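Read off the chains here:
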Amino acid sequence: MTSGTTPGLTRFNTSAESEAVAALHEVCSSSAWGSKILAQRPYTTAEALFLSSDAAMAELTGEDLAEAMSGHPPIGRPKAGDPTSSREQRGMDGSSEELKAEMRELNLDYQDRFGHVFLICATGRTGEQMRDALRERIGNSPEAERETVRTELGKINRIRLTRLVEEEDAR
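Residues numbered from 1 in each chain as written. Predicted model: local features only at pLDDT ≥ 70, side-chain atom pairs only at ≥ 80, totals over all residues. Heavy atoms only, no water.

A. Up close: the overall build of the chain. Within the chain one finds nine helices and zero strands. Secondary structure elements of the chain occur, N-terminal to C-terminal, as α-α-α-α-α-α-α-α-α. What you see for the chain is a C-alpha radius of gyration of 16 Å, in line with the 16 Å of a compact globule of 171 residues. When the accessible surface of the chain is split by element, carbon and sulfur atoms take 51% of a total near 8600 Å². Positive and negative side-chain charges of the chain, numbering 21 and 29 respectively, have mean locations separated by a distance of 1 Å. (Helix = DSSP H or I, 4+ residues; strand = E, 2+ residues; numbered from the N terminus. Rg over C-alpha atoms; globule rule 2.2 N^0.38 Å. Areas by Shrake-Rupley, 256 points an atom, 1.4 Å probe, with all protein chains shown as cover. Lys, Arg positive; Asp, Glu negative; His and termini not counted. Charge placed at Lys NZ, Arg CZ, Asp CG, Glu CD.)

In structure tokens form, the structure reads like this:
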């Protein structure tokens, strides 16, 4: 992971506010999170940006977390035409039809229980690992699950911010 100034970080620091807001919204759908990150520009290092992201994530309210989750499709059903969700959910590629059907059913049960999509940092996980995590987490209390979601969102944000600051070319 990059910790110094990169062309992507420089571009983020110097971009027009509207462009920075759009880039941050691609990272996380929470406007409160994005506002906190934007307000602290410029960042001297990528690590400073990551730490700011972590701090902003820790401060999100339940409503802010719901807004952040609204930008994430269910596991196994990435948004059509969205390379980010497809890349992040790659672990479901090649999964058996049985596993995909089980994930659909578990996702629905989870949504019924918690009122939102099952959110996990899917990068690098297999379909089976995601299913096992879903099975385990569906038994969480709503409070425990909210904090687990906050942690998973933080991981996703770091991955997405890393991509943002390491990009060589403008979007």
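Read on for the rest.
B. A look at the packing of aromatic side chains. What the rule picks out here adds up to three aromatic pairs. Aromatic pair Phe 12 and Tyr 43: ring centres 6.4 Å apart, planes at 25°, arrangement stacked. A residue pair is termed long-range when its members are at least 10 positions apart, and Phe 12 in helix α1 (residues 7-14) and Tyr 43 in the loop between α3 (31-39) and α4 (46-58) qualify at 31 residues. When sorted by exposure, Phe 12 lands in the same class as Tyr 43, which is buried. Measuring from ring centre to ring centre gives 4.7 Å for Tyr 110 and Phe 114, while their planes differ by 45°; the resulting arrangement is tilted. Here Tyr 110 and its partner Phe 114 are both found in helix α7 (residues 97-114), four residues apart, which amounts to about one turn of the helix. Owing to a relative accessible area of 0%, Tyr 110 belongs among the buried residues under this scheme. Within the aromatic cluster, the residues linked to one another by ring pairs are Tyr 110, Phe 114 and Phe 118. Sitting over the face of the ring of Phe 12, Arg 41 holds its NZ or CZ atom 5.6 Å from the ring centroid. (Phe/Tyr/Trp six-rings, centres within 6.5 Å; stacked < 30°, edge-to-face > 60°. Buried < 20%, exposed > 50% of the residue type's maximum accessible area, 1.4 Å probe, protein only. Lys NZ or Arg CZ within 6 Å of the ring centre and 35° of its normal.)

C. Here's a closer look at helix α2 (residues 17-27). Along α2, the residues classified as buried are Ala 20, Ala 23, Leu 24 and Val 27. For α2, the arc enclosing every buried residue in end-on projection is 95°, short of the 170-degree limit, so these residues lie on one face. (Arc of directions from axis to C-beta.)

D. Summary view of the state of the cysteines. According to the stated counting rule, one finds zero disulfides in the structure shown. This cysteine, Cys 28, is not joined by any disulfide, and Cys 121 carries the nearest cysteine sulfur, 13 Å off. (Disulfide = S-S within 2.5 Å.)

E. Summary view of empty space enclosed by the protein. Tallied over the full model, the rule gives two cavities of 30 Å³ or more. Of the pockets and cavities examined, the largest cavity occupies roughly 120 Å³. Lining the largest cavity are 15 residues, and of these His 72, Glu 88, Gln 89, Ile 120 and Ile 156 sit closest to its centre. Those elements that provide at least two residues to the lining of the largest cavity are α6 (83-88) and α9 (142-166). Among the elements that make up the lining of the largest cavity, the one with the highest residue count is α9 (three residues). Its residues assigned to classes, the lining of the largest cavity shows nine nonpolar, four polar and two charged. Looking at the second largest cavity, its volume works out to about 40 Å³. (1 Å grid on protein atoms, 1.4 Å probe; cavity = no way out; pocket = protein on both sides within 12 Å on 5 of 7 lines; lining within 4 Å. Points joined across faces, edges and corners; volume = space filled by probe spheres on them. Nonpolar A, V, L, I, M, F, W, Y, C, P; charged D, E, K, R; others polar.)

F. Local environment of the side chain of Thr 6. The residue Thr 6 is located in the segment before α1 in this model. Residue contacts for Thr 6: discarding those within four places in its chain leaves Val 165 and Glu 166. (Contact = heavy atoms within 4.5 Å.)

G. Looking closely at the packing of α7 against α9. For the pair α7 and α9, the least separation of the axes is 11 Å and the interaxial angle reads 115°. For the pair α7 and α9, the contacting residues are Tyr 110, Arg 113 and Phe 114 in the first and Pro 142, Glu 145 and Val 149 in the second. Within the contact of α7 with α9, the residues separate by chemical class into four nonpolar, no polar and two charged. (Axes fitted to C-alpha atoms, helices over the stretch in contact; angles between N-to-C directions.)

Remember, this is a structural readout, not a statement about activity or role.
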